[in-house]
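This is what each chain is made of:
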Amino acid sequence: VEALVAQAVGAFNDDNPALAFGKLGPLTARFPKSQLVHYELAWLLVWTGQAQDGITQFRKTVALGPKSQIGETASKILAGISQARATPSGSATSS
């Protein structure tokens, strides 16, 4: 699985993301329980402006293994997105 995902991610090009989607998208059907597939697809979707679909893939990543490193990372990403959406536009937050 890792090699196939690496090949798909390596095919990504801002000018033609369809090639990477064409390789990575079908892997979700072939390996539906692979956190790595869902995680990398999530990033690809978010990068290309398909945030809601990306969030769905991050949620699938977490559901497949919330205690794994990749599951915890996806959970943190989702928490950050949730926090960003809750913060009114233009307001500063302190950490």
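Scroll up to find the structure.
Residues numbered from 1 in each chain as written. Predicted model: local features only at pLDDT ≥ 70, side-chain atom pairs only at ≥ 80, totals over all residues. Heavy atoms only, no water.

## Digging into the overall build of the protein
Turning to step 1, where the next piece is worked out: Scanning the protein from N- to C-terminus turns up five helices and zero strands.
Turning to step 2, where the next piece is worked out: Each helix (α) and strand (β) of the protein, taken in turn from the N terminus, gives the series α-α-α-α-α.
Turning to step 3, where the next piece is worked out: Taking the principal axes of its C-alpha atoms as reference, the protein extends roughly 40 × 35 × 20 Å.
Turning to step 4, where the next piece is worked out: The burial tally for the protein puts 28% of its 95 residues in the buried class.
Turning to step 5, where the next piece is worked out: Intrachain contacts of the protein at a sequence separation of at least 6 include 41% that bridge at least 24 residues.
Turning to step 6, where the next piece is worked out: With an accessible surface of roughly 6,000 Å², the protein has 55% of that area assigned to carbon and sulfur atoms.
Turning to step 7, where the next piece is worked out: Of the side chains in the protein, 8 bear a positive and 6 a negative charge, and the two mean positions are spaced by 10 Å. (Helix = DSSP H or I, 4+ residues; strand = E, 2+ residues; numbered from the N terminus. Buried < 20%, exposed > 50% of the residue type's maximum accessible area, 1.4 Å probe, protein only. Contact = heavy atoms within 4.5 Å. Areas by Shrake-Rupley, 256 points an atom, 1.4 Å probe, with all protein chains shown as cover. Lys, Arg positive; Asp, Glu negative; His and termini not counted. Charge placed at Lys NZ, Arg CZ, Asp CG, Glu CD.)

Worth remembering: the numbers are spatial, not functional.
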